[in-house]
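# Topology and contacts: notes
Spelled out from the first residue to the last, the chains are:
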Amino acid sequence: MTIKIPHHVAIVMDGNGRWAQQRGLPRTAGHEAGEAALFDVVEGAIEYGVKEISAYAFSTENWRRSPEEVKFLMGFNREVLRARRDQLNAWGVRIRWAGRRPRLWLSVIDELKAAEKLTAKNKTLTLTMCVNYGSRIEIVDAVNAMATDVASGKLKPGAITEKTVQKYLNSNYLPDVDLFLRSSGEQRTSNFLLWQSALSEFYFCEAYWPEFRRVDFLRALRDFSLRHRRMGK
Ligand code: FPP
């Protein structure tokens, strides 16, 4: 059976904390276990021909977590990027960062920038790490930038189109999301890629993220291929 493959898959890697709690482990152990899931999915995605994966690694809302967990997630993002970038590079993966600078640890920004630079020419798959990412603030930032350009005469009021808004987004290189996937049984978007997922298909599964593997990803792809996307027509 040939299946229709989504170009861009957005992933909310949810359930790390609950997975850990179920096992009597600290929440951070769940995040650690989530690393293997992400890279197994990326390897599977390459095999199945998916071209873009956007992974929600740290949201602008995650600053509300305990200082210990925030600190752990910052350090963990940095270490994972450093430890995995050569492997991803060898797979032909281009790493990109979507998110905001304010509050984000400089050492994490440096690691994201280094990974982007190292992998800039890769074409097999683009993995966008969404770190300190929030969709509403991304849109607000774009609105402010447009207002500045209107004030200086660079942009004409009334001439702003969907394309213009897209261009002003921090993640303006990202195409529309075809498949929006969330693990752990929760059915929410949680402020992830709202503009980009206006016409996407949603897939929710019960598995907690640390136990999610490429076979689960393939199940999501199969489900996607059975959907009839009318795109408003
Ligand atoms: C949501 O689970 C997950 C996060 C907030 C962090 C995402 C990070 C990972 C999946 C680890 C992999 C990261 C990298 C950098 C590869 P949760 O803590 O909200 O789980 P819960 O809903 O069960 O509490």
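Presented here is a report on the structure given in the accompanying data block. These figures come from a predicted structure and were not determined experimentally.

### Points about the overall build of the protein chain
Broken down by element type, the protein chain carries seven helices and six strands. Listing every helix and strand of the protein chain by position from the N terminus yields β-α-α-β-α-β-α-β-α-α-β-β-α. Its C-alpha radius of gyration of 18 Å places the protein chain within 12% of the 17 Å reference for a compact globule of 233 residues. Each principal axis of the C-alpha distribution contributes one length, and for the protein chain these read about 60 × 45 × 35 Å. Sequence-distant contacts, at least 24 apart, represent 77% of the contacts inside the protein chain between residues at least 6 apart. For the protein chain, the separation between the mean place of its 36 positive charges and that of its 27 negative charges on side chains is 4 Å.

### Things to note about the sheet that holds strand E1 (residues 8-12)
The strands making up a sheet are joined through hydrogen bonds of the backbone, oriented either antiparallel or parallel. What the six strands build is an open sheet, ordered E3-E4-E2-E1-E5-E6; its pairing is parallel. The two strands at the open ends of the sheet, each matched to only one other strand, are strand E3 (93-98) and strand E6 (201-204). Across the sheet, the mean angle from the axis of one strand to that of its neighbour is 20°, orientation sign disregarded. The strands touched by helix H4 (residues 106-118) within the sheet are E3 and strand E4 (125-133), with E3 carrying the most contacts at an inclination of about 145°.

### Describing the site of the ligand
If you check the shell around the ligand, you find 18 residues, and the closest are Asp14, Gly17, Arg18, Arg27 and Arg65. The contact in question runs from an oxygen atom of the ligand to an N or O atom on the backbone of glycine 17, over 3.0 Å. For the ligand, an oxygen atom lies 2.8 Å from a polar atom in the side chain of arginine 65. Surface burial for the ligand is 92%, taken as the share of its 620 Å² of free accessible area covered by protein chains. Those elements that provide at least two residues to the shell around the ligand are helix H1 (16-22), helix H2 (27-48), strand E2 (52-59) and helix H3 (67-90). Along the lines of polarity and charge, the residues of the shell around the ligand split into eight nonpolar, six polar and four charged.

### Description of the pairing of E6
Residues Glu201 and Tyr203 of E6 are buried on one face, while the alternating residues Phe202 and Phe204, pointing to the opposite face, are not. With four bridges joining them, strand E5 (residues 179-182) and E6 adopt parallel strand pairing. Bridge pairing in E6 links arginine 182 to phenylalanine 204.

### Brief notes about the pattern of salt bridges
Inspection of every chain in the model, using the stated rule, returns 23 salt bridges. For glutamate 116, the salt bridge is made with lysine 113, and the minimal N-O distance between the two is 3.4 Å. Taken together, the residues glutamate 116 and lysine 113, both in helix H4 and three residues apart, mark about one turn of the helix. Classification of glutamate 116 as buried rests on a relative accessible area of 17%. Linked by salt bridges that have partners in common, Asp14, Arg18, Arg182, Glu186 and Arg188 make up one network.

Parameters at a glance
- Residues numbered from 1 in each chain as written.
- Predicted model: local features only at pLDDT ≥ 70, side-chain atom pairs only at ≥ 80, totals over all residues.
- Heavy atoms only, no water.
- Helix = DSSP H or I, 4+ residues; strand = E, 2+ residues; numbered from the N terminus.
- Rg over C-alpha atoms; globule rule 2.2 N^0.38 Å.
- Contact = heavy atoms within 4.5 Å.
- Lys, Arg positive; Asp, Glu negative; His and termini not counted.
- Charge placed at Lys NZ, Arg CZ, Asp CG, Glu CD.
- Pairing = 2+ DSSP bridges.
- Axes fitted to C-alpha atoms, helices over the stretch in contact; angles between N-to-C directions.
- Near = heavy atom within 4 Å.
- Polar contact = N/O pair within 3.5 Å; in protein donor to acceptor, adjacent residues only side chain to side chain.
- Areas by Shrake-Rupley, 256 points an atom, 1.4 Å probe, with all protein chains shown as cover.
- Nonpolar A, V, L, I, M, F, W, Y, C, P; charged D, E, K, R; others polar.
- Buried < 20%, exposed > 50% of the residue type's maximum accessible area, 1.4 Å probe, protein only.
- Salt bridge = Lys/Arg side-chain N within 4 Å of Asp/Glu carboxyl O.

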